[in-house]
Amino acid sequence: MTGAFRRRWWAALAFAASLAGCSEQLTQPGQCPELCPGGLPQGEEQILTALPNQDSTFTGYTARSSGTIMLVGSGAPTLADTSYGVIVFNPRADSVNFRDTLRAYAVDSVRISLLTAHDTATRHVLVQLYRLPSSLDTNALTFDGIRPFFVPANFIGSQQLRDTSPGDTVRILLKGALLNQVALAPADKGLLVMGVAVIGDTPTAGRVGNNRSVLPPEFLSYLKPIVANPATVAITLDAKFADYVSRQIPVINPALLTVGGVPSSRVLIRFPWPARLSDSATIVRATLELVPAEPVVGVRNQTGTLNVQGLAADFGAKSPIEPSSLGSLLLPFNTTDTIRVEIANVVRFWQGGLRPPAMFLSIVPEVETFSRGVFGSTRTGAPPRIRINFLPRFPFSEP
Amino acid sequence: MRRLLLLLLIAGTPAAGAAQSSQFGVRGLGLPGRAQSVRAMGSGGAFSMFDGQSSVSPASLVYLPSMTATFTVMSDYRSATNPAGTTSLRDTHFPQFAIGGPIPHTSFTVGFSYSNYTTRDYSLVFPATIILRDAPVQVHDTIESRGGINDLGLATAYRLSSNWAVGVAGHIITGSNRLDISRVFSDSNYLPARQRAELSFSGFGVSIGILGQLGRTLTVTAMARSDGHVSIQEDSLAIRGEVDLPITVGGALRWRPTANLQVAGQILASNWSTGNENIVTAGGVGANNTVQVAGGLELTPNPRRPGRTPLRLGFHWGKLPFPLTRGAEVDEYGVSAGSGYTFAADRAGIDLAVERVWRKQDEQYNEKAWLVSVGVSVRP
């Protein structure tokens, strides 16, 4: 073979190899029924209603003491509601160590800091601080027991929150005559006990960080030791107790389904699961429909999220949750419309018998939101239901 | 170096096992393959019953002078038109593999071949608006299919005399077809849906052939093949469907007026309509009988080295078995040209064929395709 021939045939081989490696483009528009063996996928719809008496409320999953905030408000979440926060700071000693000697001091100024979040739909929201007796029994707090102390005579100070800012750090600085409101008498044993109220132009509420929050309440004192040429000594005290009391404590109606609240309530619902959905169908949409039995409780712009999670196994109220099955909805405020949550990612787990056809409803963050929903049940004639759109198994073997 | 290049070429061949894609392979069992080597394709398939590297007639194995392995790569550049529009398409396949040769000191030749029986390679999209929950929702459906039915043939030919030979072959009909439908919605509340299935095919067929030389210049051959039926199973379901496969009969004539020139004509007829009832019962459109006619010539510059740069020309015409609408007929016709080159003392060769193919059903459905095929043959 001559060199020219060899080159030519190598070129031919390269051409052949390039043909072999050609990319594929097989997609073309189709025309039914001529080019649709088996036809096109036909969608179907099925409505599943909760099994009778298999929908229940269970309360006590997350205790109030696990929360990181205090729910404080006036006329919110309902007009009849008012809640006050109570904060007890760690005791402040009656002397400070200055130049290696414990010395008495005079208070120059104090600053009280709180982390807050509020409803931006309300204007001129004020966080108010009131002095409470240091002898307050925090183990027996009641709304009626502390309400008399929220009077002008006990007023420590307040700060208006910015209307547009959903989160703020309140810092109230007290100097001069204002220090009298936080003066600690010997009978106080160094304890500053303080009440927190949130008010606005209209009924409103806010969330105030408690002693478990990222920025817990802080009582900062600037002290001047009683000595010649004193310098300022700062002492920071954290809260040793922070909780709140409410005028109303909702009562759970066992005939209805209650989700949210403090302590947290969850709803367990079991559904029938028809054979035609069990494995070969493909679920494209599933919507849980809940009919509110009363307007959804909450605070505007502070709504909680309604979570719907499937169960990993059905052991009743203590069932473990399938972590990757979740449908969620920001719970609308004050609505009586049917609540609809997309839960296709929940019910898909029910196919093939992998998970039981049951779900838990909860509102997150639990015990840290004003949102609370009360929905109809199978006992009240407005049962939860799931509207499912699915594609049945395609007839692949149709030629 | 040549061996290395050949190995690279073989290794680079895609693993697809189909001959060519077509919208006329969407219905029924798909688009039938032609079981031809590139050498036969270059002349329209007219010489396929005289070509030991093709799998049409088992008697043709006697033309293998020694153990020969043949690989075929086909690229398909296609323009397909239907009422939904016209689209340019392309794909590459591996439609034919054959190995065979004479058994020394006997009159027998044996061969094994892998051929495409039918192809179901397509991908169709269907945009639509449907009503869901009393509201219009735009959807986009895609139906995809890959695979088809393959024919594994084990054949033997026996030389009765210097002028006559017969052959017989058994065919295992096997293969799988991966199907996939998907639907996406314009409304994000609806999740994309996808369903898949795999159809498995199994069957058995036999073929016979006879070949005779009449005088110095004329050769005739005839073949018959019966494939019984193919069983179809979807995934691992217990339900198994069946479709009757055709009996095919054919004949061909080759005339060699000079040492440099040979011309041939071939006709094949298949009663695909035997599966019509099965297909219609299963919800399909149906099946028609087919006839395939081919004519071609091969001009050899050097009769002593027939594999070196021959010129092959040919045409073919035929019917396709699976129409898109009931009662319709699908025509296919094409013209082709090809050549080849052998080297290493004729122990290796490359063949090239280019075909222009037209397929048509009514006025609404047609296709035009360039089929470029490369065959590599090795005689170890």
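Worth saying up front: this structure is predicted, and the values here are computed from it rather than measured.

Thoughts on the overall build of chain A
When its secondary structure is counted, chain A shows 3 helices and 24 strands. Here the C-alpha radius of gyration of chain A, 32 Å, is well above what a compact globule of 399 residues would show, namely 21 Å. Expressed as lengths along the three principal axes of its C-alpha atoms, the size of chain A is roughly 110 × 80 × 40 Å. Burial statistics for chain A: of 399 residues in total, 48% are counted as buried.

Overview of the overall build of chain B
A count of helical and extended segments in chain B gives 3 helices and 19 strands. For a compact globule of 380 residues, the expected C-alpha radius of gyration is about 21 Å, and chain B comes in at 22 Å, within 12% of that figure. Overall, the C-alpha framework of chain B stretches about 80 × 40 × 40 Å when taken along its three principal axes. Within chain B, the proportion of its 380 residues that are buried is 54%. Across chain B, every contact between residues at least 6 apart in sequence was considered, and the portion connecting residues at least 24 apart equals 63%.

With respect to the domain arrangement of chain A
Residues and elements named next belong to chain A. The domains assigned to chain A are domain 1 (44-63 + 250-391) and domain 2 (82-246). Distance from the C-alpha centre of domain 1 to the C-alpha centre of domain 2: 41 Å. Every contact between the two is made by 8 residues of domain 1 and, on the other side, 11 residues of domain 2. Overall, the association of domain 1 and domain 2 removes approximately 750 Å² of surface from exposure, summing both partners, and the carbon and sulfur fraction of that is 45%. Area buried by domain 1 at its contact with domain 2 is led by Arg300, Gln302 and Phe370, which between them contribute 57% of it. Here domain 1 and domain 2 share 1 salt bridge between them. Where arginine 300 meets aspartate 119, a salt bridge forms, and the shortest distance between an N and an O atom there is 4.0 Å. Linking domain 1 with domain 2 are 1 residue pair in polar contact (both at pLDDT 80 or more). Per-class residue counts for the side of domain 1 that touches domain 2 are 4 nonpolar, 2 polar and 2 charged.

Some details on the pattern of salt bridges
Two side chains with opposite charge may pair up if their charged atoms get near one another. For the structure shown, the criterion picks out 34 salt bridges over all chains. A salt bridge links A:Glu342 to A:Arg285, with the shortest nitrogen-to-oxygen separation between them at 2.8 Å. Taken together, the positions of A:Glu342 in strand E21 (residues 339-342) and A:Arg285 in strand E18 (residues 282-290) put the pair 57 residues apart, joining distant regions of the chain. The shortest N-O distance in the salt bridge between B:Lys319 and B:Asp331 comes to 2.9 Å. Taken together, the residues span a long stretch of sequence, with B:Lys319 in strand E16 (residues 311-320) and B:Asp331 in strand E17 (residues 330-343) at a distance of 12 residues. The exposure class of B:Asp331 is partly exposed, given its relative accessible area of 22%.

Thoughts on the state of the cysteines
Residues and elements named next belong to chain A. Under the counting rule described, the total for this entry stands at 1 disulfide over all chains. Between the sulfur atoms of cysteine 32 and its disulfide mate cysteine 36 the distance is 1.6 Å. Disulfide cysteine 32-cysteine 36: the torsion about the S-S bond is -95°, which places it as left-handed. Given a relative accessible area of 3%, cysteine 36 falls into the buried group.

What to know about the packing of aromatic side chains
A full pass over the atoms with the stated rule returns 17 aromatic pairs over all chains. Taking the centre distance of 5.4 Å and the plane angle of 45° together, the rings of A:Phe89 and A:Phe219 count as tilted. Of this pair, A:Phe89 sits in strand E5 (residues 82-89) while A:Phe219 sits in strand E14 (residues 218-225); the two residues are 130 residues apart in sequence, bridging distant segments of the chain. On the basis of relative accessible area, A:Phe89 is assigned to the buried category, the value being 0%. On the basis of relative accessible area, A:Phe219 is assigned to the buried category, the value being 0%. Put simply, the rings of A:Tyr84, A:Tyr130, A:Phe143, A:Phe150 and A:Phe155 touch in pairs and so form one group of aromatic residues. Residue placement shows A:Arg285 over the ring face of B:Tyr190; its charged tip is 4.7 Å from the ring centre.

Thoughts on the environment of B:Phe204
Residue and element names in this part refer to chain B. Inspection of the secondary structure puts phenylalanine 204 in strand E9 (residues 193-214). Considering only alpha carbons, one finds phenylalanine 204 and leucine 245, 41 residues apart in sequence, at a separation of 9.8 Å. If we skip the residues at most four places from it in the chain, phenylalanine 204 touches Gly170, His171, Ile172, Ile173, Ser226, Asp227, Gly228 and His229.

Here we look at the interface of chain A and chain B
By convention, interface size is frequently given as the accessible area that disappears when the constituent parts associate. The interface is formed by 54 residues belonging to chain A together with 73 residues belonging to chain B. Between chain A and chain B, a total of about 5,600 Å² is buried, with carbon and sulfur atoms accounting for 61% of that surface. Where chain A packs against chain B, one counts 3 salt bridges. Note that B:Glu234 and A:Arg393 form a salt bridge whose closest N and O atoms lie 3.3 Å from each other. Listing elements by their share of the side of chain A that touches chain B, those giving two or more residues are helix H1 (3-20), strand E1 (27-29), E18, helix H3 (344-347) and strand E24 (385-391) of chain A. Broken down by class, the residue content of the side of chain A that touches chain B amounts to 30 nonpolar, 14 polar and 10 charged. Relative to strand E6 (residues 122-132) of chain B, E1(A) is paired through 3 bridges, and the arrangement is parallel. Paired with A:Thr27 across the bridge in E6(B) is B:Ser123.

A few points about the pairing of strand E11 (residues 167-175) of chain A
Residues and elements named next belong to chain A. Only one face of E11 is buried: it carries Asp168, Val170, Ile172 and Leu174, and the other face, with Gly167, Thr169, Arg171, Leu173 and Lys175, is open. By the bridge criterion, 9 bridges tie strand E8 (residues 105-118) to E11 in an arrangement that is antiparallel. Bridged to arginine 111 within E11 is leucine 173.

What counts and how
- Residues numbered from 1 in each chain as written.
- Chains lettered and ligands numbered in written order.
- Predicted model: local features only at pLDDT ≥ 70, side-chain atom pairs only at ≥ 80, totals over all residues.
- Heavy atoms only, no water.
- Helix = DSSP H or I, 4+ residues; strand = E, 2+ residues; numbered from the N terminus.
- Rg over C-alpha atoms; globule rule 2.2 N^0.38 Å.
- Buried < 20%, exposed > 50% of the residue type's maximum accessible area, 1.4 Å probe, protein only.
- Contact = heavy atoms within 4.5 Å.
- Domains from an automatic or database assignment.
- Buried area = accessible area lost by both parts, 1.4 Å probe.
- Salt bridge = Lys/Arg side-chain N within 4 Å of Asp/Glu carboxyl O.
- Polar contact = N/O pair within 3.5 Å; in protein donor to acceptor, adjacent residues only side chain to side chain.
- Nonpolar A, V, L, I, M, F, W, Y, C, P; charged D, E, K, R; others polar.
- Disulfide = S-S within 2.5 Å.
- Phe/Tyr/Trp six-rings, centres within 6.5 Å; stacked < 30°, edge-to-face > 60°.
- Lys NZ or Arg CZ within 6 Å of the ring centre and 35° of its normal.
- Pairing = 2+ DSSP bridges.

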